[in-house]
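Here's the letter readout for the chains.
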Amino acid sequence: MKIGASTSCFYPMLTEKSLDRVIDLGFEVCEIFFNSSCELEDNFTKEMRKHADSAGAQIVSVHPFSSFIENTCIFGEYQRRYDDFIDLYKKQCHAAAVLGADIVVIHGAYAVQKRDIPEELYFDRFAKLIEFGKAEGVRVCQENVVRFRSQSLDFLKRMRDVFGDDFNMVFDVKQAIRSGYDPFEVAEAMKDSIVHLHLSDNTPDCDCLPPGKGNFDFKRLFDLMNSADYSGNAVIEIYSKGLEVENELRSSKEFFDKMDLNVKC
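Scope of this entry: the structure provided in the associated data block. (Residues numbered from 1 in each chain as written. Predicted model: local features only at pLDDT ≥ 70, side-chain atom pairs only at ≥ 80, totals over all residues. Heavy atoms only, no water.)

With respect to helix α4 (residues 79-99)
Count 3.6 residues to each turn of an α-helix, and residues three or four apart come out pointing the same way. Selection criterion: Working definition: helices are DSSP H or I runs of at least four residues, strands are E runs of at least two. Numbering for both runs from the N terminus. To estimate how far a helix should extend, the number of its residues minus one is multiplied by 1.5 Å. Fitting one axis to the seven residues ending at a residue and another to the seven starting there, the bend at that residue is the angle between the two axes.
With 21 residues, α4 should cover 30 Å at 1.5 Å per step; its first-to-last C-alpha distance of 31 Å lies within 8% of that length. Its maximal kink placed at F85, α4 deviates by approximately 25°. Where α4 terminates, the next one or two residues include G100, which has phi positive at roughly 90°.

Have a look at this one:
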């Protein structure tokens, strides 16, 4: 497992400039958080891939900019709206493949809606996303996210039961805490399905800190994942507001580099 960083840490910096920062900090793996539809075009993704390759870095995952519309446009009841937007996710999967990434991160539908859709519809729609991913050689993954259906551990278990080997999960430490869980409860229950990690630190007073600035037991998490023969990577995902992100990421990289663990930044 290698530990990298998400370009989202530098938002609202331009995506390609954010990638430059992640690479310049010496991270060997990174996640691209797309921020507009033009960034899905081949000329853009090929240039970012070229830049990462030349620096010896690997783009391992992508996060769609359109996660904010997934609730109504992908997982909503209105069929025509779904028909209009679903091909956007075909483009997201293609963009991931061009970048060399094999993971696409999905938020899904809100936990509470004015008109709740049945789980069967949610799973049918997610199956289509998985189909798009398979066509491009990438895995479409459900992330655990507060205020979304995936905040519920029981929902994630039901989803795993439905999809079997096609179910892949991105585990986010801070999102588990925000959803009211002990992160290790979620990681233990889902460890065999987790293929990617979003890392942040925390204290009783703050649920999202740069790694090394809180008291989260990263060794315990890595040991747990290693017990499941985890073969994925991890990225640091923190928010830029109120932080000197470049300095914080540099410090977090040093924190992980000093840990005597079976991980590499």
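Section: the packing of helix α6 (residues 153-163) against helix α8 (residues 183-190)
Filter applied, for reference: Here, axes are lines fitted to C-alpha atoms. For helices the fit covers the stretch in contact, and angles between N-to-C directions go from 0 to 180 degrees. Comment on the angle field: the value is read as roughly parallel under 35 degrees, roughly antiparallel over 145, roughly perpendicular from 65 to 115, and oblique elsewhere. Contacts were defined at the residue level, with two residues in contact if any of their heavy atoms lie within 4.5 Å. Here the nonpolar group is Ala, Val, Leu, Ile, Met, Phe, Trp, Tyr, Cys and Pro; Asp, Glu, Lys and Arg are the charged ones; every other residue, Gly included, is treated as polar.
Put simply, α6 and α8 touch, their axes get as near as 11 Å, and they point 10° apart. Overall, the two elements α6 and α8 adopt an arrangement that is roughly parallel. Residue-level inspection shows L153, L156, K157 and R160 of α6 in contact with α8, the latter providing E185, V186, A189 and M190. Split into classes, the residues belonging to the contact of α6 with α8 amount to five nonpolar, no polar and three charged.

Looking at the side chain of N71
Note the following rule: Pairs of N or O atoms within 3.5 Å make up the polar contacts considered here, provided that, within protein, one atom can donate a hydrogen while the other can accept it, and that residues adjacent in sequence are counted only when both atoms are side-chain atoms.
Among the structural elements, N71 can be located in helix α3 (residues 70-74). In terms of polar contacts, N71 uses its side chain to reach the backbone amide nitrogen of Y110, at 2.8 Å. In contact with N71, other than residues within four places in its own chain, are G76, G108, A109, Y110 and Q113.

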